[in-house]
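# Commentary on secondary and tertiary structure
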Amino acid sequence: MKARVTVTLKSGILDPQGKAIEGALKSLGVDGIASVRQGKVFDIELAATDKAKAEAALKAAADKLLANTVIENYRVEVLS
Amino acid sequence: MKSAVLVFPGINRERDMARALKLASGNETAMVWHAETALPKGTDLVVVPGGFSYGDYLRCGAIAARAPVMDAVRDFAAKGGLVLGVCNGFQILCESGLLPGVLMRNAGLKFVCRDVHMKVERSDTPFTRGYNAGQVIRVPVAHGEGNYEADEETLKRLEGDGRVLYRYCSADGVVDEASNFNGAAHSIAGIVNERGNVLGMMPHPENHVEEIMGCTDGRGLFAGLVQQFEKAA
């Protein structure tokens, strides 16, 4: 089973890296960029075949390690 | 004072720390590998040193914070044992939940490696008793992620309870924007937990303890810790 965990900074948390990327895109002349926030994507393969169990495992992974919930939100998706 | 310095893969300041501790206490320091599940018997002080544990992968300190030895450190801290985290060690303590908040990328995005000044906010703690309240000391920093952030409520509590022990300042002790080189909230350089027995700080006092280093302002921190145990004994 394939899954994806997406970790993003909570709104209101300063993201200097996102700001730098935003500045670079603007200086490249890419049109219409209002703002950039950067995050992380984890593609995970699971042995589980049960979707609910897989989601529970991914949630545990995100809470315990993948995200720092003081500053980050995460989203868990089971892809197939 | 019996100290234990934790060693994680990618840590690089553990020997500096052991040397500073030995200089202050006269005792050999135990080096404790991250896979250990217990601290040496009779440990008075646990130090989480600086460096780049696990290459700073995922988030600085995130993987080290989940190492087996950290459960022993949590037990030790829960019983009132003194824990000091410096630089990556501060990041590890925040990630492990022993200290509140988080260390974000420096506001200027640059890795900063130079001497800075910080003000000792109070002298009535085990981690500051070697200094006078208000004293300004010069210490080296070397980090890319030292920008301390926490939610408003946490910052209010830290300030209200006097848990900010060290704050970045100018050479003459003025806490201002110019001296806050990494953008830390309230110019925070070092904080303690609620109980006051766990300190995390970004600067490296262990690198300013001998004449040959050009400055000995870091000695006070170690001398104060040693005094603490002399008093207890």
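Scroll up for the structure.
What you are looking at is a predicted structure, and each value in this text was computed from that prediction instead of being measured.

Here we take up the sheet that holds strand β3 (residues 72-78) of chain A. All names here are of chain A. Pairing in this open sheet of 3 strands is antiparallel, and the strands run β2-β1-β3 from one edge to the other. On the outer flanks of this sheet lie β2 (39-45) and β3, each paired with one strand and no other. For this sheet the average axis-to-axis angle between neighbouring strands, irrespective of direction, equals 15°. Relative to β2, strand β1 (residues 2-9) is paired through 7 bridges, and the arrangement is antiparallel. Along β2, the bridge assignment pairs valine 5 with phenylalanine 42. Helix α2 (residues 51-66) rests against β1, β2 and β3 of the sheet, and its axis sits at about 155° to β3.

What follows covers the pattern of salt bridges. Residues and elements named next belong to chain A. Within this structure, the stated rule accounts for 19 salt bridges over all chains. Linking lysine 59 and aspartate 63 is a salt bridge whose minimum nitrogen-to-oxygen distance equals 3.3 Å. Of this pair, lysine 59 and aspartate 63 both sit in helix α2, 4 residues apart, roughly one helical turn. Taking relative accessible area as the criterion, aspartate 63 reaches 36% and is therefore assigned partly exposed. Ionic pairing is found between glutamate 77 and arginine 75, a salt bridge with its closest N-O pair at 3.7 Å. Overall, glutamate 77 belongs to the partly exposed group, its relative accessible area being 28%.

Bringing the state of the cysteines into the picture now. Residue and element names in this part refer to chain B. Summed over the entire model, instances satisfying the criterion amount to 0 disulfides over all chains. In this model cysteine 60 remains outside any disulfide bridge; the closest cysteine sulfur is found in cysteine 87, 8.8 Å from its own. Residue classification places cysteine 60 among the buried positions, given a relative accessible area of 12%. The cysteine cysteine 113 is free of any disulfide, with cysteine 87 supplying the nearest cysteine sulfur at 9.8 Å.

About the cut-offs
Residues numbered from 1 in each chain as written. Chains lettered and ligands numbered in written order. Predicted model: local features only at pLDDT ≥ 70, side-chain atom pairs only at ≥ 80, totals over all residues. Heavy atoms only, no water. Pairing = 2+ DSSP bridges. Helix = DSSP H or I, 4+ residues; strand = E, 2+ residues; numbered from the N terminus. Axes fitted to C-alpha atoms, helices over the stretch in contact; angles between N-to-C directions. Contact = heavy atoms within 4.5 Å. Salt bridge = Lys/Arg side-chain N within 4 Å of Asp/Glu carboxyl O. Buried < 20%, exposed > 50% of the residue type's maximum accessible area, 1.4 Å probe, protein only. Disulfide = S-S within 2.5 Å.

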